[in-house]
Amino acid sequence: MPKRLKPLARLEDEQLRASDPRDHAALSASAGTGKTHVLTARVLRLLLAGVDPASILCLTFTKAGAAEMAHRIHERLAYWVRLKDNALGAELAALGESPGPEMRERARTLFARVLDAAGGGLRIQTIHAFAQSLLAAFPTEAGLVPGFRPLEGREEQLLARQTLADMLVRAETEGDQPLVRDLQALSHRLGEGGAESFLMDCARAPAAMEALGPREGIEARLRHAFGLPLGDIDEAIAAACRDDVFDRAAVEAIAAANRAWGTTTGLNCCDVIAAWLAGEGPARAAALPELAAIVLKKDGEPRSVSAGLLKADPTYADHAARVVECCRALLAMRAAAKLVALFATGLRAGQTFARAYAEAKRAQGVVDFDDLIARAEALLLTPGMGDWVRYKLDQATDHILVDEAQDTNERQWNIVR
């Protein structure tokens, strides 16, 4: 006697429509509402419609998901072989199919048809496994070494750490102190684990890393993107603090109003302004935060103007607004330059690591999961070669079902398309 399974849940309304193999369908629903059941039902209905099992491709995103789907389908088909007519008819009716003798007889043959189908029957696999099988069929065209193998998680971690260690030794041996300093700064800011994670993120985006151009020019290109001047930022700020650039008249007006106000706070402001005006460009640049504090709060918003200051100078708010504009622009320049320097440090180190990691993978004839997707996408989209590969796939695949489609990124969708 076959193992007794729970009867198939009857498909109703939207579920029934989504399982109909005659229509393209996308199913969106909350967890636990039966999406996988509908996908499984669609496969069963495809088989009942006479579709060749080898022409069905089911893509999932975990090995466990693929195994669970394959188990569900094969277990149900095996169950149907010896199931009594009434019970089998009820199962078919639950799928929205005819429960009559002809369909029941066809249902009993499906298990054998799947087992005997070319290529091992139903293809239920992760998208990474599909990409691997595709690349294995066209390794040279994909720019891979024939016989390549994918890296598993632990092996990938070990290779990444070995690559980083080798890169550090090479930098020390060759006197590449800028790279050593970049790696030290990255580790100091993010910690050892955080730095390793960041470097691997860079390695997973090789095209983006190459688009940065030569390592030595990364910071300059970032400054251009942020609208920052080249050269020494402190010198640029010092130049902007000169009397012929900075609004000195507004600063002097603020000092005069605070002096007329006569409070301790006002007189302290006068001292700060006097010291700032007495300084040259570099000294003014260094003391810019103290001057800004007179008109700006710590959160960067303008300070409110007291009644005493307005009494001393009814146009005080206008003077303060002009100084706020000057200070904000220069403080923002300094902050942006600091941020750009931080970005450049990480990207220089990340670009160097990405290249070293790619070379280490080539040397060992291995690829990681990101390589599988990127190489498969590139193969399918390559003019000429991609047309031939898609033609070969089209001869073998008529139906694609994607489980957990919300997890699919742009590259994976390109492969599905």
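Our structure's up above, just so we're on the same page.
Residues numbered from 1 in each chain as written. Predicted model: local features only at pLDDT ≥ 70, side-chain atom pairs only at ≥ 80, totals over all residues. Heavy atoms only, no water.

Q: For this particular structure, what's the right way to read the sheet that holds strand 2 (residues 123-126)?
A: Strand pairing in a sheet is mediated by backbone hydrogen bonds. Such pairs are either parallel or antiparallel. The strand order across the open sheet built from 3 strands is 2-1-5, with neighbouring strands paired in parallel fashion. For this open sheet the edge positions go to strand 2 and strand 5 (399-402), each flanked by a neighbour on one side alone. Averaged over all pairs of adjacent strands, the angle between strand axes in this sheet comes to 20°, irrespective of strand direction. Sheet topology note: the strand 1 (residues 56-60)/strand 5 ladder contains 4 bridges and is parallel. Bridging across to strand 5, C58 finds its partner in L401. (Pairing = 2+ DSSP bridges. Helix = DSSP H or I, 4+ residues; strand = E, 2+ residues; numbered from the N terminus. Axes fitted to C-alpha atoms, helices over the stretch in contact; angles between N-to-C directions.)

Q: Looking at this structure, I do not really get the packing of aromatic side chains. What am I missing?
A: Each aromatic ring pair is specified by the distance between its two centres and by the angle formed by the two planes. Evaluated as defined, the whole model comprises 4 aromatic pairs. Ring geometry for F226 versus F343: centroids 6.2 Å apart, planes at 55°, classification tilted. Residue F226 is located in the loop between helix 10 (218-225) and helix 11 (233-240), and its partner F343 is located in helix 17 (residues 316-364); the two are separated by 117 residues in the primary sequence. The positively charged end of R284 is found above the aromatic ring belonging to W276, 4.7 Å away from the centroid. (Phe/Tyr/Trp six-rings, centres within 6.5 Å; stacked < 30°, edge-to-face > 60°. Lys NZ or Arg CZ within 6 Å of the ring centre and 35° of its normal.)

Q: So what exactly am I meant to see when it comes to empty space enclosed by the protein here?
A: According to the stated counting rule, one finds 1 cavity of 30 Å³ or more in the structure shown. In this model, the largest cavity occupies a volume close to 30 Å³. At 3 residues, helix 15 (residues 288-295) tops the list of elements feeding residues into the lining of the largest cavity. Split by residue class, the lining of the largest cavity holds 7 nonpolar, no polar and no charged. (1 Å grid on protein atoms, 1.4 Å probe; cavity = no way out; pocket = protein on both sides within 12 Å on 5 of 7 lines; lining within 4 Å. Points joined across faces, edges and corners; volume = space filled by probe spheres on them. Nonpolar A, V, L, I, M, F, W, Y, C, P; charged D, E, K, R; others polar.)

Q: What is the right way to look at unusual backbone geometry in this model?
A: The backbone of D13 sits at a positive phi, close to 50°, despite the residue not being glycine. Of note, D13 is situated in helix 1 (residues 13-18). Classification of D13 as exposed rests on a relative accessible area of 60%. (Buried < 20%, exposed > 50% of the residue type's maximum accessible area, 1.4 Å probe, protein only.)

Q: Would you explain a nonpolar patch on the surface in this entry?
A: Side chains of F226, L339, L342 and F343 sit close together on the surface and give an oily, nonpolar patch of about 320 Å² of accessible area. Mapped onto the elements, L342 comes out in helix 17. (Patch = residues over 30% accessible without salt bridge, like charges linked within 9 Å, V, L, I, M, F, W, Y side chains within 5 Å. Areas by Shrake-Rupley, 256 points an atom, 1.4 Å probe, with all protein chains shown as cover. Salt bridge = Lys/Arg side-chain N within 4 Å of Asp/Glu carboxyl O.)

Without other data, these values stay purely geometric and don't point to any function.
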